[in-house]
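# Coordinate inspection notes
Read off the chains here:
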Amino acid sequence: MKPKKQASNNSMSSKSSSTSTLKGLERRAVSQRHSEHLQSGAVDFIAQEIPIALAYNGESHAVMMASPIDLRDFAVGFSISERIVDRSTDIRSIDIRQATQGITINIAIKPALMARLKGKRRQMSGRSGCGVCGITDLAAALPKIEPLSDSVVPSHTIIDQAVEALKNSQPLQHQCGAVHCAGLFTEHGELTALREDVGRHNALDKLIGNQINALPENCFVVMSSRASHELVAKVATCGISSLVTISAATSLAIDLAKEANLNLIGFVRDKRQIVYANSV
């Protein structure tokens, strides 16, 4: 959803002027062009994007560009979806600290699990749009996923309603137009939780971290993005059997969904849905 035009010179848009700044956003002065010869000053809401350094037992692991909100959820979800830990109880503590140029998160895990990090080290500065860029081990980039049990694809009506609910439940996106979101829905299409971030992978990790201990039976995830292979892997790793994305799927995402026996539905537009993979 694109932000509405500013209502008048030197003022925020009508939707913004009566709304306080949400966490993860900041106000910035911008120039608004109406034509080659007509422009005006304005103030707009901008999505924050900062480096988040993740370390395990004091050892650096990754630097991801992310929204500085819901960071405890992010730490838990990233650890589980990247298969660094098996369950949230494997995490002993999470220490979040402001640094000079970003935020550091030190995650204390069981010593036996530190070996899990071998082959997963990321010699990279993570990007908001890519979760595996920079992995040096090809096998780590294309992980093996245990096949899920057969499950029924959510109905056309339920998916349509869920996508509409997702579009209407994104506070950051409605103010700045620059973030992705991930929503968890029950089998009946009820929204149970939603997380937003400048990166689609980060949004999903935050959702997983928040809900991993209370996943409803036959629940499914809806994403505001395209379906990449890593989103498929993260969802399947957590035992969620269906992933819905508003945009299309990549070929590798489809291949991995079939391998994982995961329902993958995308390109949900104007009552049309593309079923790329289904388990039954």
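One numbering rule holds for all chains: residues counted from 1, following each sequence as written. Local features in this predicted model are restricted to residues of pLDDT 70 or higher, and side-chain atom pairs are both shown and tallied only at a pLDDT of 80 or more, whereas totals for entire chains, interfaces and linings draw on every residue. Excluding hydrogens and water, the side-chain values take into account all heavy atoms of the structure.

## Quick word on the pairing of strand β1 (residues 25–33)
With nine bridges connecting them, β1 and strand β2 (residues 39–47) associate as antiparallel partners. When the bridges of β2 are listed, arginine 27 appears paired with phenylalanine 45. Two strands are said to pair when DSSP picks up at least two bridges between them. Each helix is a run of H or I in the DSSP string that is no shorter than four residues. Each strand is a run of E no shorter than two, and both are numbered from the N terminus. Counting the residues in the hairpin turn of β1 and β2 gives five residues.

## Side note on the pattern of salt bridges
Basic side-chain nitrogens of Lys or Arg form a salt bridge, by our definition, when they fall within 4 Å of a carboxyl oxygen of Asp or Glu. The full count for this structure, using the stated rule, is 11 salt bridges. Linking lysine 144 and glutamate 259 is a salt bridge whose minimum nitrogen-to-oxygen distance equals 4.0 Å. With lysine 144 in the loop between α3 (138–141) and α4 (156–167) and glutamate 259 in helix α8 (residues 251–260), this residue pair connects regions lying 115 residues apart in the sequence. Under the scheme applied here, a residue whose accessible area is under 20% of the maximum for its type counts as buried, over 50% as exposed, and between as partly exposed, the area being computed with a 1.4 Å probe on protein chains only. A relative accessible area of 67% places lysine 144 in the exposed class.

## Points about the sheet that holds strand β3 (residues 50–56)
Within a sheet, adjacent strands bond to each other through the backbone by hydrogen bonds, running parallel or antiparallel. Taken together, four strands build an open sheet; the order of strands is β4-β3-β6-β5 and the sheet is mixed. Strands with a single pairing partner mark the edges of an open sheet, and in this sheet they are β4 (59–66) and β5 (91–98). Between one strand axis and the next, the sheet turns by 20° as a mean value, whatever way the strands run. Here an angle of 0 to 180 degrees is reported between the N-to-C directions of two axes, which are lines fitted to C-alpha atoms, with helices fitted over the stretch in contact.

## Thoughts on the environment of valine 179
Mapped onto the elements, valine 179 comes out in the loop between α5 (171–176) and β7 (180–185). In this structure, the C-alpha to C-alpha distance between valine 179 and isoleucine 46, residues 133 residues apart in sequence, is 9.9 Å. Not counting the four nearest positions on each side in its chain, valine 179 is found in contact with Ala47, Leu172, Gln173, Glu196, Asp197 and Val198. Working rule for contacts: check all heavy atoms of both residues, and any pair within 4.5 Å makes them a contact.

## Quick word on the nonpolar core
Counting 56 residues, the largest nonpolar core has Ile105, Ile109, Leu204, Val221, Leu243, Leu262 and Leu264 as its most contacted members. The element contributing the most residues to this core is helix α2 (residues 71–81), with six residues. Contact partners of isoleucine 105, with chain neighbours within four places excluded, come to Ile52, Ala53, Leu54, Ala55, Leu71, Ala75, Ile94, Asp95 and Ile96. Of all hydrophobic cores here, the second largest spans 14 residues; its members include Val163, Phe185, Phe220 and Ile246. To qualify as a nonpolar core, a set must consist of buried Ala, Val, Leu, Ile, Met, Phe, Trp, Tyr and Cys residues joined through side-chain atoms within 4.5 Å.

## Description of the environment of aspartate 150
Mapped onto the elements, aspartate 150 comes out in the loop between α3 and α4. For aspartate 150, a relative accessible area of 57% corresponds to the exposed category. Sequence separation between aspartate 150 and asparagine 263 is 113 residues; the distance between their C-alpha atoms is 9.2 Å. N or O atoms closer than or at 3.5 Å make up a polar contact, with two conditions inside protein: a donor-capable atom paired with an acceptor-capable one, and, for residues adjacent in sequence, both atoms drawn from side chains. Looking at aspartate 150, its side chain comes within polar contact range of the side chain of asparagine 261, at 2.8 Å.

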